[in-house]
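Okay, here's what each chain looks like letter by letter:
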Amino acid sequence: QVQVVESGGGLVQPGGSLRLSCAASGFTFSSATMSWYRQAPGKERELVATMPSAGGSTRYGDSVKGRFTISRDNTKNTVYLQMNSLKPEDTAVYYCNAKLTRMSLLYNYWGQGTQVTVSS
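Residues numbered from 1 in each chain as written. Predicted model: local features only at pLDDT ≥ 70, side-chain atom pairs only at ≥ 80, totals over all residues. Heavy atoms only, no water.

Chemist: Could you clarify how one ought to interpret the environment of Gln-13 in this entry?
Modeler: Mapped onto the secondary structure, Gln-13 falls in the loop between β2 (10-12) and β3 (18-25). Sequence spacing of Gln-13 and Pro-88 is 75 residues, and the spatial spacing of their C-alpha atoms is 8.3 Å. Aside from chain neighbours lying at most four places away, what touches Gln-13 is Val-118 and Ser-119. (Helix = DSSP H or I, 4+ residues; strand = E, 2+ residues; numbered from the N terminus. Contact = heavy atoms within 4.5 Å.)

In structure tokens:
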């Protein structure tokens, strides 16, 4: 059974930091491209950061470049999102996503999301 579970969201003041975690199970984590997306009220879901399984470059959304860092620990089947210099416009539900190809089929798994609110 596949599980993708985010944690670490909460309320933080502008300029503050948060670290999100995403623990995954039920598939070969080391083979998956792991990504963070976010969706603010009334807006479409957008890519925040993505990290390939191996040998590829990480990629960030323009609005978070230089402030957010994605990392992964394949020994713990966990991906992280370190968020610094947070702004009110970073307020959104943050989702963890896993993509992997198995037997020529693309599998796409989502977590339930964790709320991040940046406000004074």
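Chemist: Looking at this structure, how should I read the pattern of salt bridges?
Modeler: Side chains carrying opposite charge are able to pair once their charged atoms draw close together. This structure, assessed with the given rule, holds four salt bridges. Between Arg-38 and Asp-90 there is a salt bridge, and its shortest N-O distance comes to 2.9 Å. Separated by 52 residues along the polypeptide, Arg-38 in strand β4 (residues 33-39) and Asp-90 in the loop between β8 (78-83) and β9 (92-102) bring together distant segments of the chain. Across the pair, Asp-90 and Arg-38 agree in class, each one buried. We note a salt bridge from Arg-67 to Asp-90, for which the minimum N-O separation is 2.8 Å. (Salt bridge = Lys/Arg side-chain N within 4 Å of Asp/Glu carboxyl O. Buried < 20%, exposed > 50% of the residue type's maximum accessible area, 1.4 Å probe, protein only.)

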